[in-house]
Amino acid sequence: MNKNNINFQVHRTKESTLVELLCGLLMLISLILSIILFFNVRQAGVGMLVQMGAVGLGVLLMLFFAYKPETFNIPDDSPARLFLVTVRFLRYAAVLMSLMSLGMTLSAVLGFTPTVVAASSTLLFVPLLCWYFYEYMKVKRNKMRE
């Protein structure tokens, strides 16, 4: 764990509340569908419950660590903007993971293969990563000019 020297605190905003509610709602719907699938097709339901639990834990950890900037692996002398970008990235990644979980569960309930959902999730995550690295490099360039 990186203990950064910057005194940066993450405050609750409308965006953070909206992201947390959206993630919670998506994971709740995924859980309900997984339980329904468990009672209809036990073997598939068990897999979806395990998937939902693993992804749910990942989403919960991302949202939790968004409020713990001292855990970010960011150089000590970084500007606060870099912390803001990292927090926003974690929140958006949590929403994408929640969507992926819902999509996987929904595809299992409908009897489709989850390949399209997995590919779509990956294709949505790539632009998010590109955005994060672009913002990261922009902050680094601005820091070097100072």
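Residues numbered from 1 in each chain as written. Predicted model: local features only at pLDDT ≥ 70, side-chain atom pairs only at ≥ 80, totals over all residues. Heavy atoms only, no water.

Colleague: What am I meant to see in the overall build of the chain here?
Modeller: Looking only at helices and strands, the chain has 4 helices and 0 strands in total. Mapped in sequence order, the helices and strands of the chain form the string α-α-α-α. Considering only C-alpha atoms, the chain reaches an extent of 60 × 30 × 25 Å along its principal axes. Taking the contacts inside the chain whose residues are at least 6 apart along the sequence as the reference set, 77% of them involve residues at least 24 apart. Roughly 9,000 Å² of accessible area belongs to the chain as shown, and the carbon and sulfur atoms make up 71% of that amount. (Helix = DSSP H or I, 4+ residues; strand = E, 2+ residues; numbered from the N terminus. Contact = heavy atoms within 4.5 Å. Areas by Shrake-Rupley, 256 points an atom, 1.4 Å probe, with all protein chains shown as cover.)

Colleague: When you look at the layout of surface pockets in this model, what are you seeing that I'm missing?
Modeller: Empty pockets left among the atoms are what a rolling probe the size of a water molecule brings to light. Size it by volume and the largest pocket reaches roughly 180 Å³. In terms of lining residues, the largest pocket is bounded by Phe 8, Gln 9, Val 10, His 11, Thr 13, Glu 15, Arg 81, Leu 84, Val 85, Val 87, Arg 88 and Arg 91. It is helix α3 (residues 80-110) that provides the largest number of residues to the lining of the largest pocket, a total of 6 residues. When its residues are assigned to classes, the lining of the largest pocket shows 5 nonpolar, 3 polar and 4 charged. (1 Å grid on protein atoms, 1.4 Å probe; cavity = no way out; pocket = protein on both sides within 12 Å on 5 of 7 lines; lining within 4 Å. Points joined across faces, edges and corners; volume = space filled by probe spheres on them. Nonpolar A, V, L, I, M, F, W, Y, C, P; charged D, E, K, R; others polar.)

Colleague: Got a minute to help me understand the side chain of Gln 51 in this structure?
Modeller: With respect to the element layout, Gln 51 can be found in helix α2 (residues 42-65). A distance of 3.4 Å separates a polar atom in the side chain of Gln 51 from a polar atom in the side chain of Thr 105. Contact partners of Gln 51, with chain neighbours within four places excluded, come to Ser 101, Met 104 and Thr 105. (Polar contact = N/O pair within 3.5 Å; in protein donor to acceptor, adjacent residues only side chain to side chain.)

Colleague: Would you take a moment to explain the nonpolar core for this structure?
Modeller: Note on soluble globular proteins: their nonpolar side chains tend to be buried together. Counting 26 residues, the largest nonpolar core has Cys 23, Val 59, Leu 63, Phe 72 and Ala 94 as the members making the most contacts within it. Sorting the residues of this core by element identifies α1 (14-40), α2, α3 and α4 (115-145) as the ones contributing at least two each. Ranked by residue count, the leading element in this core is α3, at 10 residues. For Ala 94, the contacting residues outside a window of four places in its chain are Cys 23, Val 59, Met 62 and Leu 63. (Core = buried A, V, L, I, M, F, W, Y, C linked by side-chain atoms within 4.5 Å. Buried < 20%, exposed > 50% of the residue type's maximum accessible area, 1.4 Å probe, protein only.)

Colleague: Can you help me understand the packing of α2 against α3 in this one?
Modeller: When two helices pack together, their arrangement is given by the angle between their axes and by how far apart the axes lie. Closest axis-to-axis distance for the α2/α3 pair is 9 Å, and the angle between their directions is 170°. Judged by the angle between their axes, α2 and α3 are roughly antiparallel. Each of Met 48, Gln 51, Met 52, Val 55, Gly 58, Val 59, Met 62, Leu 63 and Phe 65 in α2 lies in contact with α3, whose residues at this interface are Leu 90, Arg 91, Ala 93, Ala 94, Met 97, Ser 98, Met 100, Ser 101, Met 104, Thr 105 and Ala 108. (Axes fitted to C-alpha atoms, helices over the stretch in contact; angles between N-to-C directions. Parallel < 35°, antiparallel > 145°, perpendicular 65-115°, else oblique.)

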